[in-house]
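For reference, the chains in residue letters:
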Amino acid sequence: MKFWQSSHVFQHPWSTVTQAFWRKYPNDYQSSVYGTDVIERYVDADGKLHSKRLIISDWNIPSFMKFFFGETRGYAVEYSIVDPVEQTLTLRSQNINAVSMFSMREEICYKSVGETTQLNHQAEFLFSVSRIVDEAAENWLVGTITEAARKGLMAMESISIKVEEEMRPALTAIDDIISNETIRSARKSIDSSITDAEKFIDSSINDAEKFIDSSINDAEKFIDSSITDAEKFIDSSIEYIDSSVDSLTQESSVKFT
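Residues numbered from 1 in each chain as written. Predicted model: local features only at pLDDT ≥ 70, side-chain atom pairs only at ≥ 80, totals over all residues. Heavy atoms only, no water.

Q: What am I meant to see in unusual backbone geometry here?
A: Comment: phi is negative for the bulk of residues other than glycine, and the bulk of peptide bonds are trans. Residue Pro26 follows Tyr25 across a cis peptide bond; omega there is -10 degrees. One can find Pro26 in the loop between α1 (14-22) and β2 (33-43). Backbone geometry at Ala98 places phi at a positive 60 degrees, although glycine is not the residue there. Tracing the backbone shows Ala98 in the loop between β5 (88-95) and β6 (102-113). What makes Ala98 partly exposed here is its relative accessible area of 21%. (Helix = DSSP H or I, 4+ residues; strand = E, 2+ residues; numbered from the N terminus. Buried < 20%, exposed > 50% of the residue type's maximum accessible area, 1.4 Å probe, protein only.)

Q: Help me out: how do you make sense of the side chain of Ser57 in this one?
A: Here Ser57 is to be found in strand β3 (residues 49-58). Leaving out residues up to four positions away in the same chain, Ser57 has contacts with Ser32, Val33, Tyr34, Thr72, Arg73 and Gly74. (Contact = heavy atoms within 4.5 Å.)

Q: Please clarify how the environment of Ala98 should be interpreted in this entry.
A: A sequence separation of 41 residues divides Ala98 from Asn139, and the C-alpha atoms of the two residues are 18 Å apart. Sequence-distant contacts of Ala98, defined by excluding residues within four places in its chain, comprise Trp59 and Phe69.

Q: Looking at this model, I keep getting lost on the environment of Ser15. Mind explaining?
A: One can find Ser15 in helix α1. Residue classification places Ser15 among the partly exposed positions, given a relative accessible area of 37%. As for Ser15 and Thr117, which are separated by 102 residues in sequence, their C-alpha atoms are 9.0 Å apart.

Q: Honestly, the pattern of salt bridges in this entry has me stumped. Any pointers?
A: Pairs can form between side chains of opposite charge whenever their charged atoms are close. Taken as a whole, this structure holds six salt bridges when the rule is applied. With a shortest N-O distance of 2.8 Å, Arg53 and Glu78 are connected by a salt bridge. You can see Arg53 sitting in strand β3 and its partner Glu78 sitting in strand β4 (residues 73-83), a full 25 residues away along the chain. Like Arg53, the residue Glu78 is buried in the burial classification. Arg105 is the partner of Glu124 in a salt bridge, and the nearest nitrogen-oxygen pair spans 3.5 Å. (Salt bridge = Lys/Arg side-chain N within 4 Å of Asp/Glu carboxyl O.)

Q: Can you walk me through the sheet that holds β5 in this structure?
A: With antiparallel pairing, the seven strands of this open sheet are ordered in space as β1-β7-β6-β5-β4-β3-β2. Edge positions in the sheet fall to β1 (2-10) and β2, since each has one partner strand and no second. Taking the axes of each pair of neighbouring strands and ignoring which way they run, one obtains an average angle of 15 degrees across the sheet. Of the pairings in the sheet, the one linking β6 to strand β7 (residues 116-127) comprises 12 bridges and is antiparallel in character. Each bridged residue has a counterpart across the sheet, and for Cys109 the counterpart in β7 is Asn120. (Pairing = 2+ DSSP bridges. Axes fitted to C-alpha atoms, helices over the stretch in contact; angles between N-to-C directions.)

Q: Before we go on, may I ask you to explain the pairing of β6 in this structure?
A: Regular strands place their side chains on alternate faces of the sheet. Alignment of β5 against β6, held across seven bridges, turns out to be antiparallel. By the bridge assignment, Leu91 is partnered in β6 with Ile108. Between β5 and the antiparallel strand that follows it, β6, lie six residues; Ala98 among them carries a positive phi value of about 60 degrees. Counting the residues in the hairpin turn of β6 and β7 gives two residues, including Gly114, whose phi is positive at 65 degrees.

Q: Would you explain the packing of aromatic side chains in this entry?
A: Any two aromatic rings considered together are summarised by their centre-to-centre distance and by the angle between their planes. Enumeration over the complete set of coordinates arrives at five aromatic pairs. Its guanidinium or amino end placed over the ring of Tyr79, Arg92 lies 4.8 Å from that ring's centre, counting from NZ or CZ. (Phe/Tyr/Trp six-rings, centres within 6.5 Å; stacked < 30°, edge-to-face > 60°. Lys NZ or Arg CZ within 6 Å of the ring centre and 35° of its normal.)

Q: I would appreciate a short explanation of a nonpolar patch on the surface in the present structure.
A: Together, Met1, Phe3 and Leu126 make up a nonpolar patch on the protein surface, roughly 330 Å² of accessible area in all. By the secondary structure assignment, Met1 is in the segment before β1. (Patch = residues over 30% accessible without salt bridge, like charges linked within 9 Å, V, L, I, M, F, W, Y side chains within 5 Å. Areas by Shrake-Rupley, 256 points an atom, 1.4 Å probe, with all protein chains shown as cover.)

Q: Any chance you could explain the pairing of β7 here in plain terms?
A: Where β1 meets β7, nine bridges bridge the pair, whose relative direction is antiparallel. For Trp4, the partnering residue across the bridge sits in β7 and is Ala123.

Dropping the structure here:
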């Protein structure tokens with residue numbers, strides 16, 4: 001049994017890489033993959049997308065193995081889960097033909113890491129043809145999967161760039177919409193502020209006019225009251241003087257008599 005693993009960081013966001021994954025086959029780098037067929041697909045209660053696909057490819061087996069395999073076309077079943085919350089795409093696959101002679105299992109995970117995507121890829125395979133063939137076959141498969149993984153990364157990178165180019169007009173349009181909406185929102189905010197300021201000024205002017213009117217009324221009342229009090233004081237003083245004069249006159253008359 002042989003074990004193999006590799007990792008890679010795509011300089012693209014997870015959403016772009018996952019789109020590239022679903023559009024991976026066919027591509028210009030992996031002509032050995034004939035295509036894929038979706039067997040089953042559904043979304044569970046947690047919003048995760050589950051898919052089951054059949055992968056059909058040419059094994060390109062070496063001449064010393066053709067005697068044992070005969071059929072050079074390989075079939076594998078791939079199970080995948082897309083978790084939009086955790087932003088992970090995990091999948092596992094296994095061959096479904098020639099299982100009496102060899103078994104190959106792969107596990108792949110694409111995980112969002114900031115603005116990049118981390119890829120972890122591991123595989124295990126076991127040949128059970130004969131002691132003479134098994135070691136050579138497993139060594140051949142290690143080289144084959146290494147080269148296939150390298151070409152797969154090139155394909156994913158190429159398709160990711162294509163996805164971003166296709167998305168750029170839409171993203172630009174969204175940015176324009178957001179920008180225009182921001183301008184409209186700013187204008188509304190400014191208009192609202194101006195309206196509030198005008199209302200405040202009008203209210204302040206009304207309050208000032210009311211205060212001035214009230215002050216004038218109070219002043220007029222105070223003046224009228226003061227005039228009335230002065231008139232009363234003058235009248236009282238005149239009465240007092242008249243009374244004093246009358247009293248003096250009467251006293252003088254009595255003396256002269």
